[in-house]
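Architecture at a glance
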Amino acid sequence: AQSVSQHNHHVILSEAASLELGCNYSYGGTVNLFWYVQYPGQHLQLLLKYFSGDPLVKGIKGFEAEFIKSKFSFNLRKPSVQWSDTAEYFCAVNAGGYNKLIFGAGTRLAVHP
Amino acid sequence: DSGVTQTPKHLITATGQRVTLRCSPRSGDLSVYWYQQSLDQGLQFLIQYYNGEERAKGNILERFSAQQFPDLHSELNLSSLELGDSALYFCASSHLQEDTGELFFGEGSRLTVL
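Calculation notes
For every chain, the first residue of the written sequence is number 1, and numbering continues from 1 onward in sequence order. The lettering of chains begins at A and the numbering of ligands begins at 1, in the order of writing. Totals for whole chains, interfaces and linings use all residues, but because this is a predicted model, local features are given only for residues with pLDDT of at least 70 and pairs of side-chain atoms are given and counted only at 80 or more. Remark: hydrogens and water are excluded; side-chain values derive from all non-hydrogen atoms of the structure. Elements are defined by DSSP. Helices are runs of H or I of four residues or more, strands are runs of E of two residues or more, and each kind is numbered from the N terminus. Atoms counted for the radius of gyration: C-alpha only. Globule rule: 2.2 Å times the number of residues to the power 0.38. Burial status follows relative accessibility: with a 1.4 Å probe on protein chains alone, a residue under 20% of its type maximum counts as buried, one over 50% as exposed, and anything between as partly exposed. The Shrake-Rupley method, run with a 1.4 Å probe, gives the accessible areas here. Residue values count only the displayed protein chains as cover. Only four residue types enter the tally: Lys and Arg on the positive side, Asp and Glu on the negative side, with His and both chain ends excluded. By convention, the charge on Lys lies at NZ, on Arg at CZ, on Asp at CG and on Glu at CD. By definition in these notes, contact holds between two residues if any of their heavy atoms fall within 4.5 Å. The salt bridge definition used is simple: a Lys or Arg side-chain nitrogen within 4 Å of an Asp or Glu carboxyl oxygen. Whether two strands pair depends on DSSP finding at least two bridges between them. Axis definition: a line fitted to C-alpha atoms, over the contacting stretch in the case of helices. Angles run 0 to 180 degrees between N-to-C directions. Here, a disulfide means two cysteine sulfur atoms that sit within 2.5 Å of each other.

This part is about the overall build of chain B. For chain B, the count of helices and strands is 0 helices and 11 strands. From first element to last, N terminus to C terminus, chain B shows the α and β order β-β-β-β-β-β-β-β-β-β-β. The C-alpha radius of gyration computed for chain B amounts to 13 Å, which stays within 12% of the reference 13 Å derived for 114 residues, consistent with globular compactness. The dimensions of chain B, computed from C-alpha atoms along their principal axes, are 35 × 30 × 25 Å. Counting over 114 residues, chain B shows a buried share of 50%. Surface accessibility of chain B: about 5400 Å² in total, with carbon and sulfur atoms responsible for 47%. A distance of 4 Å separates the average location of the 8 positive side-chain charges in chain B from that of its 14 negative side-chain charges.

Here's what the structure looks like:
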């Protein structure tokens, strides 16, 4: 069965620190990959996506993610976090032929001023 | 604002009861998805409708049912409620028939079963 693993459930950083959130998926075929973010009290919103092409994708608010097919990974990065990045981050996979989005368990990021 | 509207935002009920959650998709979106978010199970896909027809089914219990109406709004019916059904229920919409994963989420309906 397909699954998505996010390595860290809670991450605490100071402002200006660099961020990397790990995401691995299990599926051998073609996948579409996503990072969604949920700010406190708000709905899930798309941060960035990868369908094909350049494996390094850039999203909103300075986030980027790199798809490494050989490692089945899609890690999220940001060089310098801000307090306003405090949120829960979800990695998600849509595998070819399946009409459903599979989410990881989420990573809660707290950024301290 | 994602454009997806869910009501009610909060709901408290007792075991054995039945509730209906409502979702209005973004204008022009034909697909509606329901997800359940709980502390132990994370975000679980329940069901998808496209233009009134059921398109895909996930981990939806037999006690739960959904439908999408001609005006494209959707309802998720939860019956014979159990304590474990307490969760945040999200609706999402997209324009595409196939679920590429680019969804627009509502703010969720938080259900508490006592």
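Next, the rest of the story.
Residues and elements named next belong to chain B. By the element assignment, L83 lies in the loop between β8 (74-78) and β9 (87-94). Residue L83 is classed as exposed on the basis of its relative accessible area, which comes to 55%. Along the chain, L83 and G16 lie 67 residues apart, while their C-alpha atoms are 9.3 Å from each other. Discounting chain neighbours no more than four positions away, the residues touching L83 are T15, V113 and L114.

All right, on to the interface of chain B and chain A then. Counting from both sides, the interface comprises 19 residues of chain B and, opposite them, 16 residues of chain A. The tally of links between chain B and chain A comes to 1 salt bridge. Residue E102(B) is joined to K49(A) by a salt bridge in which the shortest nitrogen-to-oxygen separation is 2.8 Å. Counting only elements with at least two residues in the side of chain B that touches chain A, the list comes to β4 (31-38), β5 (42-50) and β6 (53-57) of chain B.

The next subject is the sheet that holds strand β3 (residues 19-24) of chain B. All names here are of chain B. Here 4 strands make up an open sheet; going across it, the order is β1-β3-β8-β7 and the pairing antiparallel. Two strands close off the open sheet at either side, each with one partner strand: β1 (5-7) and β7 (64-68). Adjacent strand axes in the sheet meet at a mean angle of 15° when their direction is disregarded. Here β3 pairs with β8 via 5 bridges, running antiparallel. Each bridged residue has a counterpart across the sheet, and for L21 the counterpart in β8 is L76.

Glancing now at the pattern of salt bridges. Taken as a whole and judged by the stated rule, the model has 9 salt bridges over all chains. What you see here is one network of salt bridges that share partners, running through K58(A), E64(A), E66(A) and R77(A).

What follows concerns the state of the cysteines. Simply put, the disulfide is a covalent bond whose two ends are the sulfur atoms of two cysteines. For the structure on display, the rule yields 2 disulfides over all chains. Note that C23(A) is cross-linked by a disulfide to C91(A), the S-S spacing being 1.9 Å. Residues C23(A) and C91(A) share a disulfide whose torsion about the S-S bond is about -65°; that sign makes it left-handed. Placement of C23(A) in strand β4 (residues 23-26) and of C91(A) in strand β10 (residues 87-95) is noted, with a sequence separation of 68 residues between them. For C91(A), a relative accessible area of 0% puts it in the buried group. One disulfide in the model links C23(B) with C91(B); its S-S distance is 1.8 Å. Its S-S torsion of approximately -55° makes the covalent link between C23(B) and C91(B) left-handed. With C23(B) in strand β3 and C91(B) in strand β9, the pair connects residues that are 68 residues apart, well separated along the chain. In this structure, C23(B) and C91(B) share a single accessibility class: buried.

Here the focus is unusual backbone geometry. A cis geometry characterises the amide bond from T7(B) onward to P8(B), with omega recorded as -5°. Note on placement: P8(B) falls in the loop between β1 and β2 (10-13). Even without a glycine there, the phi angle at A16(A) is positive, about 80°. Residue placement: A16(A) occurs in the loop between β2 (10-14) and β3 (19-21).

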